[in-house]
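Given next are the chains, with one letter for each unit.
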Amino acid sequence: MADELKYPFLDMERLNAPLADELRQATLRVIDSGRYVGGAEVEAFEHELASLVRAPYVIGVSNGLDALRLILRAYCLIGRLAPGDEIIIPANTYIATVLAVTDAGLRPVLVDADEHTMNLDTSLVEQAITPRTRAIMPVHLYGRACWDKKLVETVRSHNLIVVEDNAQAIGAKSPVRGLFGSDMTGALGHAGAFSFYPTKNVGALGDAGAVATHDAELAAAVRALANYGSDRRYHNIYQGFNCRLDTIQAALLRVRLAHIQDENSARFANASCYRNEIHHPQVRVPEFSVYLYDSVWHQFVVRVPDRDRFMQLLAQAGIGADIHYATPPHQQPCYAGTGLLDIPHPIPVTEALAREVVSLPVSSATTVREAAEIAHLINDFPTL
Ligand SMILES: *Cc1c(COP(=O)(O)O)cnc(C)c1O
């Protein structure tokens, strides 16, 4: 059990403790308001997130996967994407990225990861483009912005729609500006999806998500689609869904959003500590970019040659760890035999990552002192 370890991977109770009073007050405010879906709390939260990421439109929704699904389905409904269109996505990602793509009837084209960032390798995108390519979905994996000059050039020259999976990177800043002037992940491209699953850097106490976009038409379509396809009361322009954000989660998220700098700074401090202190010859720590704010360290992912042994040593030392992700989407049984995730381009980096990655405790529930202790314990591990 994780909570029997001296250094838990992510102790949610400890994470929430500093904000517990504010979270309780927010909950009571909603109970007493008599309004439990939508309303002023949701509108205020949407406004606050919009000003954080500098996007003109934000729509609170039920979770991160729904945020992605709504964006892609809305693009199809307003005629800017069509089922069968190809969309470029990273092979090294969480399954939700891919589920949203196949849910909309789009064809995912998987591109390998970059050795240094573990994100989509932007230098491989050009050669993956075909006459059917209409969109690209960068995933800011492990909290690091996947955005550079090369990507912007490719997107502009092929007129691609850019949908960001920003589930892991709220608050990250890109050194290269986005298409509409913002440098915040989730607002770099045309539309971005956010997840507020409890373990994300900004977490609800339950499921929640959001869509941010620079496109008024898309915003209206997403809002309608998430509310039974209704553009006004009892008038349904789409065969929609119910993917709304609960008022209580919006109120809780306003608290968490107000403290986002505390969470992301604590993660940065822990990541820096690991980078400075881990010196085991076979534990490869992630690279830092010169531009320090491009990662919010959702995960601190090291690579080791013998992962089973490393996990065993971590457990013996009382250190919690996790693996993101041992089985990449294209190897998941749900896609076996479907032909949907055939790999037209080799993905050696993704395959190596799936064998070698281990995530260490990095959230604000771990102190820098504990991170230093973890680093020193790891340095004492024998050869892997
Ligand atoms: C968490 C996550 C999602 C899905 O978000 P949920 O709120 O859990 O539905 C999508 N993509 C990535 C990369 C994620 O980490």
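Residues numbered from 1 in each chain as written. Predicted model: local features only at pLDDT ≥ 70, side-chain atom pairs only at ≥ 80, totals over all residues. Heavy atoms only, no water.

Asks: How would you explain the environment of Ile-237 if you had to name every residue and give the values?
Replies: Within the secondary structure, Ile-237 is located in the loop between β9 (235–236) and α8 (247–258). Residue classification places Ile-237 among the partly exposed positions, given a relative accessible area of 42%. Considering only alpha carbons, one finds Ile-237 and Glu-4, 233 residues apart in sequence, at a separation of 52 Å. Discounting residues that sit within four places of it in the chain, Ile-237 has contacts with Ala-224, Gly-229 and Asp-231. (Helix = DSSP H or I, 4+ residues; strand = E, 2+ residues; numbered from the N terminus. Buried < 20%, exposed > 50% of the residue type's maximum accessible area, 1.4 Å probe, protein only. Contact = heavy atoms within 4.5 Å.)

Asks: Any chance you could break down the nonpolar core for me, citing the residues and the numbers?
Replies: In terms of nonpolar packing, the biggest core is built from 41 residues, with Leu-72 and Tyr-75 touching the most fellow members. At the level of elements, β1 (57–61), α4 (64–77), β2 (86–90), α5 (95–103), β5 (161–165), β6 (191–195) and α7 (216–225) are the ones that each hand at least two residues to this core. At eight residues, α4 tops the list of elements feeding residues into this core. Setting aside chain neighbours within four positions, we find Tyr-75 in contact with Arg-80, Leu-81, Ile-161, Val-163, His-190, Ala-191, Asp-215 and Leu-218. (Core = buried A, V, L, I, M, F, W, Y, C linked by side-chain atoms within 4.5 Å.)

Asks: Quick rundown of the sheet that holds β6? Include the residues and the values.
Replies: What links the strands of a sheet is backbone hydrogen bonding, and the strands pair in either a parallel or an antiparallel sense. Here seven strands make up an open sheet; going across it, the order is β1-β7-β6-β5-β4-β2-β3 and the pairing mixed. Both edges of this open sheet fall to β1 and β3 (107–111), since each of them pairs with a single strand only. Taken over all neighbouring pairs, the strand axes of this sheet differ in orientation by 25° on average, direction set aside. For β6 and strand β7 (residues 209–213), the ladder comprises five bridges, and the chain directions are antiparallel. When the bridges of β7 are listed, Ala-191 appears paired with Thr-213. On the sheet, helix α3 (residues 40–53) packs against β1, β6 and β7 and is oriented at approximately 130° with respect to β1. (Pairing = 2+ DSSP bridges. Axes fitted to C-alpha atoms, helices over the stretch in contact; angles between N-to-C directions.)

Asks: Break down unusual backbone geometry for me, with residues and values.
Replies: Comment: phi is negative for the bulk of residues other than glycine, and the bulk of peptide bonds are trans. In the segment running from His-324 into Tyr-325, the intervening peptide bond is cis, with an omega of 10°. Note on placement: Tyr-325 falls in the loop between α10 (307–316) and α11 (348–356). The residue Arg-54 is not glycine, and still its phi comes out positive at about 60°. Position of Arg-54 relative to the elements: it lies in the loop between α3 and β1. Judged by its relative accessible area of 44%, Arg-54 falls in the partly exposed class.

Asks: Tell me what's going on with the site of the ligand, and back it up with residues and numbers.
Replies: The immediate surroundings of the ligand are formed by Asn-63, Gly-64, Leu-65, Tyr-94, Ala-96, Val-139, Asp-165, Ala-167, Gln-168, Ser-195 and Lys-200. A distance of 2.7 Å separates an oxygen atom of the ligand from a polar backbone atom of Gly-64. Residue Asp-165 places a side-chain N or O atom 2.8 Å away from a nitrogen atom belonging to the ligand. When the ligand sits alone it has 380 Å² of accessible area, and the protein chains cover 90% of it. When the residues that make up the shell around the ligand are grouped by side-chain class, the tally is five nonpolar, four polar and two charged. (Near = heavy atom within 4 Å. Polar contact = N/O pair within 3.5 Å; in protein donor to acceptor, adjacent residues only side chain to side chain. Areas by Shrake-Rupley, 256 points an atom, 1.4 Å probe, with all protein chains shown as cover. Nonpolar A, V, L, I, M, F, W, Y, C, P; charged D, E, K, R; others polar.)

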